[in-house]
Amino acid sequence: MDIRIEKTTTPKQKPGSDNPLVFGTIFTDHMFEMDYTEGIGWHDARIVPYHKLELEPSSMVFHYGQEMFEGLKAYKTDDGRILLFRPDKNAQRANRSNKRLCIPYIPEGLFVESIKAVVSVDRDWIPTKPGTSLYIRPFVIATDPFLGVRPSHTYKYMVILSPVGAYYESGLDPVKIWIEDEYVRAVKGGIGEAKTGGNYAASLASQVKAHDEGYAQVLWLDGVHRKYIEEVGSMNIFFKINGTVVTPELNGSILPGVTRDSVLELCREWGIPTEEKRISVDEIVEAARTGAMEECFGTGTAAVISPVGELRYEQELMPIGGGQIGPVTQRLYDTITGIQLGRIEGPKGWSVEVK
Ligand SMILES: *Cc1c(COP(=O)(O)O)cnc(C)c1O
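Per chain, the residues get numbers from 1 upward, laid out in the order the sequence is written. With pLDDT at 70 or above as the cut-off, local features in this predicted model cover only qualifying residues; side-chain atom pairs require 80 or more to be listed or tallied, and sums for whole chains, interfaces and linings still use all residues. Values reported for side chains reflect all heavy atoms of the structure, with hydrogen atoms and water molecules removed beforehand.

**Quick word on the pattern of salt bridges**
For this analysis, a salt bridge means a side-chain nitrogen from Lys or Arg found within 4 Å of a carboxyl oxygen belonging to Asp or Glu. Applying the stated criterion to the full structure yields 22 salt bridges. Among the salt bridges present, the one from E70 reaches R93, with a minimum N-O distance of 2.8 Å. Note that E70 is positioned in the loop between β4 (67–69) and β5 (72–76) and R93 in helix α2 (residues 87–100), a separation of 23 residues in sequence. Relative accessible area serves as the criterion here: at 0%, E70 is assigned to the buried category. Think of it this way: any DSSP run of H or I at least four residues long counts as a helix, any run of E at least two long counts as a strand, and we number them from the N terminus. Relative accessibility decides the category of a residue: with a 1.4 Å probe and only protein chains considered, values under 20% of the type maximum give buried, values over 50% give exposed, and everything between is partly exposed.

Right under this line is the structure:
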């Protein structure tokens, strides 16, 4: 599909290199946009100036939440090349989410092309200070002006870009995590394994509660038994227990993270034993009490690897690693960010260049 390009005549002021770039607050000059009409398919692929949308208040996305989103980053290498990290994985996951949400399939080549095209146009917006990158947010919304409940017949797919800073200003910083025993996020058979706004709407009340208690993030338990570990707000969770790196298996209610998959692949390559399995919160409490819990970290595009310094479950406070970042946590962070910045050669196909 041809992508029409209309460049802005009023470019915005780019943030200076001393701007802290608070996550998701600044947007670039352009966006990618394309429409879907039943019977025609995806059409009118275009890069246009970043702009406000005009939508009917009755647009279905506002009422029933039929939408899908993705998240990945572009990085500038030391020699000025632009790299994406495993964008094909995001394309595949976008379509798994689309399928679950009755949103039409987006050809995966077109999905990756849309990202490359808009990143290329706004290449001068990619920040270069250590830890910074250009966050990429592809998403689809249902646009039929209709209050009945059914899949929409029309959609809009967009890609917007946001320069973002280092997730942790002072490098890697261990976070405190609240294990939620009241609210649940998702159940198998629901939409937990789709990347969609509804899961986040379900998460807010718990997040507010955790923040009030002084915790940065929520760790969800399964929705049926409230007993098995699922994932953190926008990250998958890993534990290193007695030398083995364990993470909950993909059970139908957690998000299959690209970073999660990358961590498992690197650990296997390094000869570190890994296990994807059902993990009960009791096992975690036990491992923390006996000292078998060596490391704990979250994985996701925004923070890449996020060391966990404390878990809290009911009245049980579980400090992990004595305020230090574990060696495997650090090695994973250094390796993945090294691959993303083109300083380390990663497995075949992980780095995709934007020309
Ligand atoms: C996006 C997301 C993740 C992390 O996925 P990555 O592909 O590693 O960025 C984990 N959990 C949820 C709920 C998410 O939305």
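**Some points on the packing of α2 against helix α3 (residues 108–121)**
Where α2 meets α3, the closest approach of the two axes is 9 Å, and the angle between their N-to-C directions is 125°. For the element pair α2 / α3, the angle class is oblique. With respect to the hand of their crossing, α2 and α3 are arranged in right-handed fashion. Between α2 and α3, the residues in contact are P87, D88, N90, A91, Q92, A94 and N95 and E108, F111 and V112, respectively. Across the contact of α2 with α3, the residue classes tally to five nonpolar, three polar and two charged. What counts as an axis is a line fitted to C-alpha atoms, over the stretch in contact for a helix, and the angles between N-to-C directions run from 0 to 180 degrees. Any angle that falls under 35 degrees is termed roughly parallel, while one over 145 is termed roughly antiparallel, one within 65 to 115 roughly perpendicular, and all others oblique. Rotating anticlockwise by less than a right angle from the far helix to the near helix defines a left-handed crossing, while the corresponding clockwise rotation defines a right-handed one. Should any heavy atoms of two residues lie within 4.5 Å, those residues are considered in contact. As a working rule, the residues Ala, Val, Leu, Ile, Met, Phe, Trp, Tyr, Cys and Pro are called nonpolar, Asp, Glu, Lys and Arg charged, and the rest polar, with Gly in that last group.

**Thoughts on the site of the ligand**
By convention in these notes, a residue is near a molecule or strand provided one of its non-hydrogen atoms lies within 4 Å of it. Taken together, 15 residues form the shell around the ligand, and within it K195, Y200, E231, T259 and T301 come nearest. Between K195 and the ligand, the recorded distance is 2.7 Å, taken from a side-chain N or O atom to an oxygen atom. Between an oxygen atom of the ligand and a side-chain N or O atom of Y200, the distance comes to 2.5 Å. For the shell around the ligand, the residue count by class is four nonpolar, seven polar and four charged. Pairs of N or O atoms within 3.5 Å make up the polar contacts considered here, provided that, within protein, one atom can donate a hydrogen while the other can accept it, and that residues adjacent in sequence are counted only when both atoms are side-chain atoms.

**Side note on the pairing of strand β8 (residues 154–164)**
Across the 11 residues that make up β8, a large majority, 10, are buried. The pairing criterion for strands is at least two bridges between them, as found by DSSP. In terms of strand pairing, strand β2 (residues 30–37) meets β8 through six bridges, oriented antiparallel. Bridge assignment links D35 to a residue of β8, and that residue is K156. One ladder, built from 10 bridges, connects strand β7 (residues 133–142) with β8; its direction is antiparallel.

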